[in-house]
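Fold and geometry: a report
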Amino acid sequence: MIKSYLRIAIRNIFRNKLFSTVNIMGLAFGIASALLIFLWIGNEMQVDQYHERIDRIYRVMENQRYTDGKIFTFASTPAPMAPFIKEKFPEIEKASRFTWSESNLFQYGDHFFYEEGRFVDADLLDIFSIDFIAGDKATALKDKNSIVISEKMAIKYFGKEEAVGKALVMGRK
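No experiment lies behind these values; they were computed from the predicted model shown. Every chain is numbered on its own, with residues counted from 1 as its sequence reads. For a predicted model such as this one, the threshold for reporting local features is a pLDDT of at least 70, and the threshold for listing and counting side-chain atom pairs is 80 or more; totals across whole chains, interfaces and linings nevertheless cover every residue. Side-chain figures throughout are based on the complete set of non-hydrogen atoms in the structure, without hydrogens or water.

1. A short note on the packing of aromatic side chains
Here a pair means two rings of Phe, Tyr or Trp (six-membered ring of Trp) with centres within 6.5 Å. Their orientation is stacked below 30 degrees between planes, edge-to-face above 60, and tilted elsewhere. Across all of its chains, the model carries five aromatic pairs by this definition. Residues Phe74 and Trp100 carry aromatic rings whose centres are separated by 6.4 Å and whose planes lie at 80 degrees to one another, so their mutual orientation is edge-to-face. Placement of the pair is Phe74 in strand 2 (residues 71-74) and Trp100 in the loop between helix 3 (81-88) and strand 3 (102-108), with a sequence separation of 26 residues. Chaining the aromatic ring pairs together yields one cluster made of Tyr108, Phe113, Tyr157 and Phe158. Directly above the aromatic system of Phe113 lies the positively charged group of Lys156, at a separation of 4.6 Å from the ring centroid. The helix and strand labels rest on DSSP assignments: H or I over at least four residues marks a helix, E over at least two residues marks a strand, and numbering proceeds from the N terminus. Definition used: whenever NZ (Lys) or CZ (Arg) falls within 6 Å of the ring centre and also within 35 degrees of the ring normal, the charge is taken to sit over that ring.

2. Digging into the pattern of salt bridges
A pairing counts as a salt bridge when a side-chain nitrogen of Lys or Arg comes within 4 Å of a carboxyl oxygen of Asp or Glu. Scanning the entire structure with this criterion turns up six salt bridges. Residue Lys156 is joined to Glu115 by a salt bridge in which the shortest nitrogen-to-oxygen separation is 2.9 Å. With a gap of 41 residues between them, Lys156 in helix 5 (residues 151-158) and Glu115 in strand 4 (residues 111-117) connect regions that are remote in the sequence. Any residue under 20% of the maximum accessible area for its type is buried, any over 50% is exposed, and the rest in between are partly exposed; the area is computed with a 1.4 Å probe on protein chains only. Glu115 sits in the buried class, given a relative accessible area of 13%.

3. Considerations on the pairing of strand 4
The pairing of strand 3 with strand 4 spans seven bridges and is classified as antiparallel. Along strand 4, the bridge assignment pairs Glu102 with Gly117. When DSSP finds two or more bridges between two strands, those strands count as paired. In this structure, the hairpin formed by strand 3 and strand 4 is closed by a connection of two residues, where Gly109 is found at a positive phi of approximately 65 degrees.

4. Points about the nonpolar core
Formed by Phe106, Met153, Ala154, Tyr157, Phe158 and Leu168, the largest nonpolar core amounts to six residues. Examining the composition of this core, we find that four residues originate from one element, helix 5, more than from any other. We call two residues in contact when some of their heavy atoms are within 4.5 Å. Look past the residues within four positions of Phe158 in its chain and what remains in contact with it is Tyr108, Ile149, Ala163, Lys166 and Leu168. Among buried residues, those of type Ala, Val, Leu, Ile, Met, Phe, Trp, Tyr and Cys that are joined through side-chain atoms within 4.5 Å constitute a nonpolar core.

5. Things to note about a positive patch on the surface
Residues Lys3, Arg7, Arg11 and Arg15 make up a contiguous surface patch of positive charge. Among the structural elements, Arg15 can be located in helix 1 (residues 2-15). Patch membership is restricted to residues that have no salt bridge and whose relative accessible area is over 30%. Joining uses 9 Å for like charges and 5 Å for the nonpolar side chains Val, Leu, Ile, Met, Phe, Trp and Tyr. Note on areas: these come from Shrake-Rupley sampling with a 1.4 Å probe, and a residue is covered only by the protein chains present in the view. Charge assignment in this entry is limited to Lys and Arg as positive and Asp and Glu as negative, and neither His nor the chain termini are counted. The location of each charge is read from NZ of Lys, CZ of Arg, CG of Asp or CD of Glu.

6. A closer look at the side chain of Asn104
Within the fold, Asn104 resides in strand 3. Apart from residues lying up to four places away in sequence, Asn104 is in contact with Phe113, Tyr114, Glu115, Phe119 and Met170.

7. Overview of the pairing of strand 1 (residues 62-65)
Across a regular strand the side chains alternate sides, sitting on one face of the sheet and then on the other. Bridging between strand 1 and strand 2 involves four bridges; their strand directions are antiparallel. Paired with Asn63 across the strands is Thr73, a residue of strand 2. As consecutive antiparallel partners, strand 1 and strand 2 are separated by five residues, and within that stretch Gly69 has a phi angle of approximately 90 degrees, a positive value.

8. Considering the sheet that holds strand 3
Two modes of strand pairing occur in sheets, parallel and antiparallel, and in both the strands are linked by backbone hydrogen bonds. Overall, antiparallel pairing links the three strands, which are arranged 4-3-5 in an open sheet. Single-partner strands in this sheet number two, and they are strand 4 and strand 5 (169-170). With two bridges connecting them, strand 3 and strand 5 associate as antiparallel partners. Residue pairing in the sheet places Gln107 in a bridge with Val169 of strand 5. Axis lines are fitted through C-alpha atoms, for helices just across the contact stretch, and the angle between N-to-C directions can take any value from 0 to 180 degrees. Packing against the sheet, helix 5 makes contact with strand 3 and strand 4, and its axis sits at approximately 165 degrees to strand 4.

9. Re the confidence of the model for the protein
Interpreting fine coordinate detail is not advised for predicted regions of low pLDDT. Mean pLDDT over the protein: 87, with 99% of residues reaching 70 or higher. The spread of mean pLDDT over the elements of the protein runs between helix 4 (residues 124-127), the lowest at 84, and helix 2 (residues 17-46), the highest at 94. pLDDT expresses how confident the predictor is about each individual residue, on a scale running from 0 to 100.

Structure below.
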């Protein structure tokens, strides 16, 4: 019975080549599109899931309206917003400002490098689950002249030396 169905299907494919090609290509395109969409959604659902309190972390976005009627959404807000909402809304436990990524010149001894980074508030380290290799997470950004650097950057500047307590000069050459 199945052989009969297959034989009829193959005969129809060869008799109506254009029609069959369009249908098979449409089916293949549809299946490929669906698979790519499922993979994309799966990837989006797994981003940042390692944070301990992911269900309590929110990002504030800003809609900027322009005179030509266009609306652009940015992941930026006015600078005083984080302290303000923390003060006015008691249900908000932590809030952090997060600037655009900037390239700054850093110097340690004779080493000069431009590094990409952001300015943030100390609460950011409590909001996100960030593991520290050295130093104390509770006091890391309490001072305005503090910096948290990656392991890669610490090796780049300090080699095998301990990076905690060292002074990096920013913005001079």
